[in-house]
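Below are the chains, spelled out letter by letter.
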Amino acid sequence: MMGKVICAGLGPGDPELMSVRAHRLISTARQVAWFAKAGREGMARRIVRGLIAPGAAEYAMEFPVTTELPFDGPDYDRLLSDFYAHWADRLADLAAAGDVVVLCEGDPFLYGSFMHLHARLQGRVEVEVVPGIPGMAGCWTATGLPITWGDDVLAVLPGTLPEAELARRAADADALVVMKTGRNLPRIRRALAAAGRLDAAWLVERGTMEGQRVARLADLADGECPYFAIVLVHGQGRRPGGRA
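Residues numbered from 1 in each chain as written. Predicted model: local features only at pLDDT ≥ 70, side-chain atom pairs only at ≥ 80, totals over all residues. Heavy atoms only, no water.

**Side note on the pairing of strand E4 (residues 100-104)**
Quick note on the threshold: To sort residues, take the accessible area from a 1.4 Å probe on protein chains only and compare it with the maximum for the residue type: under 20% means buried, over 50% means exposed, and anything in between is partly exposed. Secondary structure elements are taken from DSSP: a helix is a run of H or I of four residues or more, a strand is a run of E of two residues or more, and numbering for both begins at the N terminus. DSSP calls a pair of strands paired once it identifies at least 2 bridges connecting them.
Burial of E4 is extensive: five of the five residues sit out of reach of the surface. Looking at chain direction, strand E1 (residues 5-9) and E4 are connected through five bridges and run parallel. When the bridges of E4 are listed, Cys7 appears paired with Val102. The pairing of strand E2 (residues 31-37) with E4 spans three bridges and is parallel. Each bridged residue has a counterpart across the sheet, and for Val32 the counterpart in E4 is Val101.

Structure follows, in structure tokens:
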């Protein structure tokens, strides 16, 4: 009987924030796959160290390209498309021998790489997705402040947007989460300054993980930051008794 492809959301990074269901599936899996940069262990695999059962088959799905090419160029698109097609085929074949658990940081359906496999596996094999706490939730909790109050509108922006678009959307929303920072951080900083939001912005690096850093963005020197980093602007909306 053919197995399933099960994507387990691992949460924001701290293994203790993984769901009970994801923990159980991973610890009993006979086949486990995860995304990684070529030659690297991969954050997802690092989160589950000591959890995968001895003897389980492990498959590192190594990206052919990450930041080496422009993300909006034809070569990048072709390489990633071929990569996802290959691994959709491979996972479907592996599922013929039983369930395959695919690891995914955060929540798989929120900017998760598994979405591209999910779309390619439809109609070929049964697919199950186990949700996880999004990385952004771990990051705003690390600041010790609520991200939204009352009627605040929360905008989630990818840092890859054009600078003018980032500034426009940052000015329109009450609370902000800016993902995909990394080398986009200088552009994000300029956009927030143009929108008058820089002084209220926070940068959280490696939220809930070892090496976590939480700081006001305006206090930091310009430059890049780690892949696992998020910029936040907290809402200041309606609340009983007024603002504290």
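Next, the rest of the story.
**Let's talk about the packing of helix H6 (residues 163-172) against helix H7 (residues 185-194)**
Defined as follows: In this description, a line fitted to the C-alpha atoms serves as the axis of each element, helices being fitted only across the stretch in contact, and the angle between N-to-C directions of two axes falls anywhere from 0 to 180 degrees. Angles below 35 degrees are treated as roughly parallel, those above 145 as roughly antiparallel, those between 65 and 115 as roughly perpendicular, and all remaining angles as oblique. Each crossing is labelled by how the near helix is turned from the far one, with a counterclockwise turn of less than a right angle marking it left-handed and a clockwise turn marking it right-handed. The contact criterion used is simple: two residues touch if any of their non-hydrogen atoms lie within 4.5 Å. Three categories are distinguished: nonpolar for Ala, Val, Leu, Ile, Met, Phe, Trp, Tyr, Cys and Pro, charged for Asp, Glu, Lys and Arg, and polar for the others, with Gly belonging to the last.
Across the interface, H6 lies against H7 with an axial gap of 8 Å and an inter-helix angle of 45°. Considering their axes alone, H6 and H7 lie oblique with respect to each other. Crossing angle aside, the handedness with which H6 passes H7 is right-handed. In this structure, H6 uses Glu163, Leu166, Ala167 and Ala170 to contact H7, whose residues at the interface are Arg187, Ile188, Arg190, Ala191, Leu192 and Ala194. Classifying every residue of the contact of H6 with H7 by side-chain character gives seven nonpolar, no polar and three charged.

**Notes on the environment of Lys180**
Inspection of the secondary structure puts Lys180 in the loop between strand E7 (175-179) and H7. Setting aside its immediate chain neighbours within four residues, Lys180 contacts Tyr111, Pro158, Gly159 and Thr160.

**Side note on the pattern of salt bridges**
What counts, and what does not: Whenever Lys or Arg places a side-chain nitrogen within 4 Å of a carboxyl oxygen from Asp or Glu, that contact is recorded as a salt bridge.
Evaluation of the coordinates by the stated rule reveals 13 salt bridges. As a salt-bridge pair, Arg21 and Glu128 come within 2.4 Å of each other at their nearest N and O atoms. Of this pair, Arg21 sits in helix H1 (residues 20-28) while Glu128 sits in strand E5 (residues 127-130), and the two are 107 residues apart along the sequence. On the basis of relative accessible area, Arg21 is assigned to the partly exposed category, the value being 34%. Residue classification places Glu128 among the buried residues on the basis of a relative accessible area of 16%. For Arg168, the salt bridge goes to Glu165, with nearest N and O atoms at 2.9 Å. One end of the pair, Arg168, and the other, Glu165, are both in helix H6, three residues apart, so they sit about a helical turn from each other. By relative accessible area, which is 41% here, Arg168 ends up partly exposed. For Glu165, a relative accessible area of 23% translates into the label partly exposed.

**Notes on the domain arrangement of the protein**
Heads up, the condition is: The split into domains, and so the bounds of each, comes from an automatic or database assignment of domains. Throughout, buried area stands for the accessible area (probe radius 1.4 Å) lost by two parts on being put together, summed over both. Any N or O atom pair separated by 3.5 Å or less is treated as a polar contact, with the protein-specific requirement of one donor-capable and one acceptor-capable atom, and with residues adjacent in sequence counted only for side-chain atom pairs.
Under the domain assignment, the protein is made up of domain 1 (5-133) and domain 2 (136-233). Listed as interface residues are 11 residues of domain 1 and, on the opposing side, 13 residues of domain 2. Across the domain 1/domain 2 interface, buried area totals approximately 960 Å², and carbon plus sulfur atoms make up 73% of it. Counting the contacts that link domain 1 with domain 2 gives zero salt bridges. Put simply, domain 1 and domain 2 have one residue pair in polar contact (both at pLDDT 80 or more) between them. Each residue belonging to the side of domain 1 that touches domain 2 can be placed in one class, and the counts come to seven nonpolar, two polar and two charged.

**Points about helix H5 (residues 135-142)**
Among the residues of H5, those classed as buried are Met136, Ala137, Gly138, Cys139 and Trp140. Buried-residue contacts for H5 involve strand E6 (154-158), E7, strand E8 (201-205) and strand E10 (229-233). Positioned one or two residues after H5, Gly144 has a phi angle of 75°, which is positive.

**Regarding the environment of Arg206**
Within the secondary structure, Arg206 is located in the loop between E8 and strand E9 (213-216). Along the chain, Arg206 and Phe228 lie 22 residues apart, while their C-alpha atoms are 5.2 Å from each other. Leave out the neighbours within four places in its chain, and Arg206 touches Gly211, Gln212, Pro226 and Phe228.

**A short note on the sheet that holds strand E3 (residues 57-63)**
Strand order across the open sheet formed by five strands is E3-E2-E4-E1-E5, with parallel pairing between neighbours. At either margin of the open sheet sits one strand with a lone partner, and together these are E3 and E5. Within this sheet the neighbouring strands show an average axis-to-axis angle of 25°, counted without direction. The sheet strands contacting helix H3 (residues 74-95) are E1, E2, E3 and E4, and the helix crosses E3 at an angle near 170°.

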